[in-house]
Amino acid sequence: MARQEVYSLDRDAEESDRLNYQNTFLNRLVGHLISPAIQKNLPSAPAVADIGTGTGAWLLTTSKELPTQAKLHGYDISDAQFPAPGQLPQNITLTTLDAKAPAPVHLHGQYDLVHLRLLNAAMLPEDWFKVATHAWSLLKPGGALQWVEGNFRNLNVVYQSERNTKTSALSRGVDLTTRPRPHFDWFVDHLPDVLRSVGFEVVEQQVLSSDRLPQDRMEWSHIATGALHAIMRGNARMGVEGALTAEEAKSLAQEMRKECDEGAYFRVDTYEFVAIKK
Ligand SMILES: C[S@@+](CC[C@H](N)C(=O)[O-])C[C@H]1O[C@@H](n2cnc3c(N)ncnc32)[C@H](O)[C@@H]1O
């Protein structure tokens, strides 16, 4: 039997829409597309690699802030969510590549910036060192790494208003998706040391709570519900033991959204690590 992929979110049209919507939210939460600590040393037309690019949403947004001479290359293990080539600016290319395998030699030392965001759901503890090493190999000396991750181990259900708000569907959603993954917070304590061991200098780390801005709580709760629904759809498709059927998952997600509309919300910590290749 083929080995089940660690990454279990579905890659259907609904999930592509969610990733694009989430991109706007995350850019606002993190506060920048490229960290000012990186920006100050970046050439005016940088070569940028986005690993685990998904729909290419971060690259597409970032391309609007960079000159057309910038080279913007997105990589992902799957091309299922890539926009059609005709929908991309001429300086963006998207290519399949497994971040856990060594990068092809012709890509070594080619990039001023390597960006990674939300690979956590694809990672086991032993994968972080591999992905960090391969990201390091893509960078020019002095090149920068920007890595944004969510600690889904602490995806908490919180009451927005009334203490007796119903949260049973939200809690069930967590129990079925993020709770069975105890390593979801592994990176919090270990990623900075992993980056140093690979040959990076870690120059900045920030932690952003998704409920920092009260007006964003509802939006994030719907995005997170969509992510849990995508995991449930993926689990149904892959026949994971104990998984809900696609229909059951859809109806649970509807219940979860209703609880959010009635006053409960999801909260999670997002981390940004900035490091320089020594
Ligand atoms: C949650 S999505 C995030 C997409 C994008 N980084 C963003 O922030 O919108 C995670 C992406 O990682 C990709 N991925 C999973 N395993 C991977 C691997 N081994 N190598 C490269 N990409 C991988 C998935 O296919 C998916 O597109």
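Heads up: these notes are all about the structure in this document. Quantities reported herein were computed from a predicted structural model and do not represent experimental measurements.

1. A closer look at the site of the ligand
As a matter of local geometry, the ligand sits amid 20 residues, with Gly52, Gly54, Ile77, Ala99 and Ala122 nearest to it. Listed by contribution, the elements that provide at least two residues to the shell around the ligand are helix H1 (13-30) and helix H3 (57-63). Grouping the amino acids of the shell around the ligand by side-chain chemistry returns 10 nonpolar, six polar and four charged.

2. Describing the environment of Asp175
If you trace the backbone, Asp175 turns up in helix H5 (residues 168-177). Overall, the presence of 10 C-beta atoms within 10 Å leaves Asp175 in the exposed class.

3. Quick look at the packing of H5 against helix H8 (residues 246-261)
The contact between H5 and H8 brings their axes to 7 Å, and the two run at 130°. Taken as axis vectors, H5 and H8 run oblique relative to one another. As H5 packs across H8, the resulting crossing turns out to be left-handed. Judged by residue contacts, Ala169, Leu170, Arg172 and Gly173 of H5 engage Leu252, Glu255, Met256 and Glu259 from H8. A class-by-class count of the residues in the contact of H5 with H8 yields four nonpolar, one polar and three charged.

4. Comments concerning H8
With 16 residues, H8 should cover 22 Å at 1.5 Å per step; its first-to-last C-alpha distance of 23 Å lies within 8% of that length. For H8, the complete set of buried residues consists of Ala249, Leu252, Ala253, Met256, Glu259 and Cys260. Within H8, the buried residues cover an arc of 120° as seen down the axis, which keeps them to one side. Exposed and oriented more than 90 degrees from the buried face of H8 are Glu247, Gln254 and Asp261. For H8, the elements touching its buried residues are H5, helix H7 (217-238) and strand S7 (264-277).

5. What to know about the packing of H7 against H8
Contact geometry of H7 with H8 gives a least axis separation of 9 Å together with a crossing angle of 170°. By the criterion of interaxial angle, the relationship of H7 to H8 is roughly antiparallel. Considering only the axes of H7 and H8, their crossing is right-handed. Within the contact between the two elements, H7 uses Met218, Ser221, His222, Thr225, His229, Met232, Arg233 and Ala236 and H8 uses Ala246, Ala249, Ala253, Met256, Arg257 and Cys260. A breakdown of the residues in the contact of H7 with H8 according to their chemical character gives eight nonpolar, four polar and two charged.

6. A word on H1
With 18 residues, H1 extends 25 Å between its outermost C-alpha atoms, agreeing within 8% with the 26 Å of an ideal straight helix rising 1.5 Å per residue. Within two residues after H1, Gly31 carries a phi angle of roughly 95°, on the positive side.

7. Some words on the environment of Leu94
Considering the arrangement of structural elements, one finds Leu94 in strand S3 (residues 92-96). Taking the C-alpha atoms as reference points, Leu94 and Phe187, separated by 93 residues in sequence, lie 27 Å from one another. Look past the residues within four positions of Leu94 in its chain and what remains in contact with it is Thr53, Gly56, Gly74 and Phe82.

8. Some words on the sheet that holds S7
Strands sit in the order S3-S2-S1-S4-S5-S7-S6 across an open sheet of seven strands; the sheet is mixed. Each edge of the sheet is formed by a strand with only one pairing partner; in this case those strands are S3 and strand S6 (200-209). On average, adjacent strands in this sheet sit at an angle of 15° to one another, irrespective of strand direction. With 12 bridges joining them, strand S5 (residues 139-159) and S7 adopt antiparallel strand pairing. Within the sheet, the bridge partner assigned to Trp147 lies in S7 and is Phe273.

9. As for unusual backbone geometry
Phi is positive for Leu118, close to 60°, though the residue is something other than glycine. Within the element layout of this structure, Leu118 appears in the loop between strand S4 (111-117) and helix H4 (127-138).

Conventions used here
Residues numbered from 1 in each chain as written. Predicted model: local features only at pLDDT ≥ 70, side-chain atom pairs only at ≥ 80, totals over all residues. Near = placed C-beta within 6 Å. Helix = DSSP H or I, 4+ residues; strand = E, 2+ residues; numbered from the N terminus. Nonpolar A, V, L, I, M, F, W, Y, C, P; charged D, E, K, R; others polar. Buried ≥ 20, exposed ≤ 12 C-beta atoms within 10 Å, placed from the backbone. Axes fitted to C-alpha atoms, helices over the stretch in contact; angles between N-to-C directions. Parallel < 35°, antiparallel > 145°, perpendicular 65-115°, else oblique. Left-handed = near helix turned anticlockwise from the far one by under 90°. Contact = placed C-beta atoms within 7 Å. Expected span 1.5 Å × (residues − 1). Arc of directions from axis to C-beta. Pairing = 2+ DSSP bridges.

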